[in-house]
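Residues per chain are reported as follows:
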Amino acid sequence: MRARYSAFVIQDTAFLQASWDPATRPPMADLEASAPRWCRLTVIDSEDAGDGTGRVRFTAVGRESGGFFVLTESSRFRFDSQADHWRYVDGDADWRRLDVGRNAPCPCASGLKAKRCCARD
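This one's a predicted model, so the numbers in the text were calculated from it and none came from an experiment. (Residues numbered from 1 in each chain as written. Predicted model: local features only at pLDDT ≥ 70, side-chain atom pairs only at ≥ 80, totals over all residues. Heavy atoms only, no water.)

Looking now at the pattern of salt bridges. For the structure shown, the criterion picks out 7 salt bridges. Asp21 is paired through a salt bridge with Arg78; the nearest N and O atoms lie 2.6 Å apart. Of this pair, Asp21 sits in the loop between α2 (13–18) and α3 (28–33) while Arg78 sits in strand β3 (residues 67–80), placing them 57 residues apart in sequence. By relative accessible area, Asp21 is classed as buried at 7%. Its salt-bridge partner being Asp45, residue Arg55 comes within 3.1 Å of it at the nearest N-O pair. In this pair, Arg55 sits in strand β2 (residues 53–64) while Asp45 sits in strand β1 (residues 37–48), placing the two residues 10 residues apart along the sequence. Assessed through its relative accessible area of 24%, Arg55 is described here as partly exposed. Relative accessible area serves as the criterion here: at 27%, Asp45 is assigned to the partly exposed category. When salt bridges with common partners are traced through the structure, they connect Asp45, Glu47, Arg55 and Arg57 into a single cluster. (Salt bridge = Lys/Arg side-chain N within 4 Å of Asp/Glu carboxyl O. Helix = DSSP H or I, 4+ residues; strand = E, 2+ residues; numbered from the N terminus. Buried < 20%, exposed > 50% of the residue type's maximum accessible area, 1.4 Å probe, protein only.)

This brings us to the environment of Lys115. Locating Lys115 in the fold gives a position in the segment after β4 (85–98). Judged by relative accessible area, Lys115 falls into the partly exposed class, the value being 26%. Sequence separation of Lys115 and Val43 is 72 residues, and the distance between their C-alpha atoms is 26 Å. Here Lys115 is in contact with Arg102, Asn103 and Arg120, once residues within four sequence places are set aside. In this structure the side chain of Lys115 is engaged in a polar contact, spanning 2.8 Å, whose partner is the side chain of Asn103. (Contact = heavy atoms within 4.5 Å. Polar contact = N/O pair within 3.5 Å; in protein donor to acceptor, adjacent residues only side chain to side chain.)

Next comes the structure, spelled out in structure tokens:
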């Protein structure tokens, strides 16, 4: 999950395509069109069911169109034994808008005020 988050941060669509299950993978153009600025990832928990499937629950903070948001997702993965790695299948996502004032701490947890960190335009 951390590798996929990092790929979203740096917009490495090739890695995202390669780590997505072919049955549920969107077209590359859809990945390139969606480019919020990601600020922080917190993995809540993960589970390997032992049958080639797994789950990761996480929250990610991002910024898009001048506002912050929080993505909370429970992602499903499948182990690809031929490639010897996990592939993202799909997830149940909840997007929430965050109201962050200019003098409030930045949601990325840097310790700086938002106006001096991720909210800097």
